[in-house]
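Observations on the three-dimensional arrangement
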Amino acid sequence: MATHDYVIDNSTGANVRADINNVLAAIVSNNSSSSAPTTTYAYQIWVDTSANIIKIRNSANNAWINLFTTAGGVDVDAASNFNEDVTFTSANSNNIVFDKSDNSFKIGDSVLLKIGDGADLVLQHNASKSIINDAGTGDLEIQRGGTAVLSIVSGGVSLAGGAAANITALTDGSTITIDMATACHHSVTLAGNRTFAAPSNQVVGQAGSIFITQDGSGSRTASFNAAFKFVGGTAPTLTTTAAAVDRIDYVIVSSNVIHCAVSLDVK
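Scope of this entry: the structure provided in the associated data block. Position numbers for residues count from 1 along each chain, tracking the sequence in the order it is written. Local features are withheld for residues below a pLDDT of 70 in this predicted model, meaning they are given only at 70 or higher, and side-chain atom pairs are given and counted only at 80 or more; totals for whole chains, interfaces and linings count all residues. In computing side-chain values, all of the structure's heavy atoms are included and hydrogens and water are not.

This paragraph deals with the environment of Val251. With respect to the helices and strands, Val251 occurs in strand S20 (residues 245-254). Using a relative accessible area of 38% as the deciding quantity, one classes Val251 as partly exposed. On a C-alpha basis, the gap between Val251 and Asn193 in space is 25 Å, while along the polypeptide they are 58 residues apart. Setting aside residues no more than four positions away along its own chain, Val251 makes contact with Gln206, Ala207, Val257, Ile258 and His259. In this description a helix means any DSSP run of H or I spanning at least four residues, a strand means any run of E spanning at least two, and both kinds are numbered starting from the N terminus. Exposure categories follow from relative accessible area, calculated using a 1.4 Å probe and restricted to protein chains: below 20% of the type maximum is buried, above 50% is exposed, and the middle band is partly exposed. In this analysis, two residues are considered to be in contact whenever any of their non-hydrogen atoms come within 4.5 Å of each other.

With that out of the way, let us pick up the sheet that holds strand S2 (residues 53-57). One open sheet accounts for three strands, arranged S1-S2-S3; its pairing is antiparallel. The two strands at the open ends of the sheet, each matched to only one other strand, are strand S1 (45-48) and strand S3 (64-69). Averaged over all pairs of adjacent strands, the angle between their axes in this sheet comes to 30°, without regard to strand direction. In short, DSSP must find at least two bridges between two strands for them to pair. Pairing between S1 and S2: four bridges, direction antiparallel. Its bridge partner lying in S2, Ile45 is registered against Ile56. Axis geometry follows a simple rule: fit a line to the C-alpha atoms, using only the stretch in contact for helices, then measure angles between N-to-C directions, giving values from 0 to 180 degrees.

Structurally, the position occupied by Ser151 is in strand S11 (residues 147-153). Residue Ser151 is classed as buried on the basis of its relative accessible area of 8%.

Before going further, it helps to spend a moment on the packing of aromatic side chains. Centres within 6.5 Å are what make two rings of Phe, Tyr or Trp a pair, Trp counting through its six-membered ring; a difference in plane orientation under 30 degrees is then read as stacked, over 60 as edge-to-face, and the rest as tilted. As enumerated under the stated definition, the model contains four aromatic pairs in all. Measuring from ring centre to ring centre gives 5.3 Å for Phe224 and Phe230, while their planes differ by 70°; the resulting arrangement is edge-to-face. As far as the burial class goes, Phe224 and Phe230 line up, both buried.

A word on the environment of Ala222. Relative to the helices and strands, Ala222 is located in strand S18 (residues 222-224). For Ala222 and Phe196, which are 26 residues apart along the polypeptide, the C-alpha to C-alpha distance reads 7.1 Å. What Ala222 contacts, discounting residues up to four positions off in sequence, is Arg194, Phe196 and Leu238.

The three strands are arranged S14-S16-S18 in an open sheet whose pairing can be described as parallel. With one partner strand each, in any of the chains shown, strand S14 (175-176) and S18 form the two edges of the open sheet. Two elements, S14 and strand S16 (residues 194-196), share two bridges in a ladder whose sense is parallel. When the bridges of S16 are listed, Thr175 appears paired with Thr195.

Expected helix span is given by 1.5 Å per residue-to-residue step, counting one fewer step than there are residues. When the terminal C-alpha atoms of helix H1 (residues 13-28) are compared, their 22 Å separation across 16 residues agrees well with the 22 Å that a helix rising 1.5 Å per residue should span. When we look at burial in H1, the residues that qualify are Asp19, Val23 and Ala26. Down the axis of H1, the sector holding all buried residues measures 65°, keeping them to one side. Of the exposed residues in H1, the ones pointing more than 90 degrees away from its buried face are Arg17, Asn21 and Val28. Within two residues after H1, Asn30 carries a phi angle of roughly 55°, on the positive side. As used here, the arc is the angular range of directions from the helix axis to the C-beta atoms.

Judged by which residues are buried, S2 turns out to be one-sided: Ile53, Lys55 and Arg57 face inward and are buried, whereas Ile54 and Ile56, on the alternate face, are not. Inspection of the sheet shows S2 paired to S3 by five bridges, in the antiparallel sense. Considered in S3, the bridge of Lys55 is made with Asn66. Connecting S2 to the next strand, S3, in antiparallel fashion are six residues, including Asn61 with a positive phi near 55°.

Throughout this description, the term nonpolar core refers to a set of buried Ala, Val, Leu, Ile, Met, Phe, Trp, Tyr and Cys residues connected via side-chain atoms within 4.5 Å. Counting residues in hydrophobic clusters, the biggest one holds 20 residues, and the most contacted among them are Phe196, Ile212 and Phe224. Going through the elements one at a time, strand S15 (185-190), strand S17 (207-214), S18, S20 and strand S21 (257-263) are the ones with two or more residues in this core. Element by element, the count of residues in this core is highest for S20, at three residues. If we ignore the near neighbours within four places in the chain, the residues touching Phe196 are Ile176, Ile178, Val188, Ile212, Ala222, Ser223, Phe224, Asn225 and Phe228.

Laid out in C-alpha cells, this is it:
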C-alpha cells in the first residue's frame, strides 16, 4: 500500500502487519510528508513538511485548506471568526486586545499603529501624551464627506471653512480671575465695581476677547492686574451706561504679559 493509504489489503500476515504499521504511522504523524497523500478523504489532516503547514481536506475532498503553521501560527485560507477576546502580545508587554465584552479594540501604551508601506502614518499613546506622526508624502487631512476640512501641511495648519470658539461666562464677583484653559473668549456682566486678577493657566500665543457688560444699574468700574498691558500703559475706563458692552481683545505674549486692545461702548 502507499505510505498514506488507510486501506489494509487482503494479504499474508507480514504484508498485513506492514499495512497496519503504515496506517498507524500515517495516523500518529498526521500524514507528515512533503507530498500530499495519494489517497484522500474529506476532513483528512495532512502536515505538509515542505511548507510547514498543517492542512485539512475540504468537505468535497478536492482541495487542501491551510489551518496552522507547524510553529504554532495561524495560516488560514478562508474567513475566520473569533468568538472571544483576542490578544496580540507585544515585546514591551503592552498588548493589543480585542475586548469582546467591551466592544473595543485596545492598543497598549507605546504600541505603534503604522499605516502605509513605509510606515508613513504612525499613531501611538506613550502614557504621557497621544501622538499622530505623519512622515509620508502629502498632507495629513481630516475630511468630511470626502472633502478636507483640516489639513496638516508642511508650513503648519490649513483650515477649509469657518472655525468657532465658545464664549465662556465668567463668575461675577469682587475679584474676577479668568481661567484661560476654559476658553479663548470670555464674558461677564458686572453687578458692582470689580478687579480683574491675573488670569490662571496662561498659555503663550493664546488670543481671544473679553466681553464686559454693565448690569441694569450701570456705573460699574473695573481695575486690572498688572498682567494686562494696555496702550500707553493706562487701563481703560469702562462705559458706565446701563447694559453697555465693552470688549477687550488680548494676546498672551508671555507669563503675565497680556497685550490688550480695547473697544468701548460697542453697539
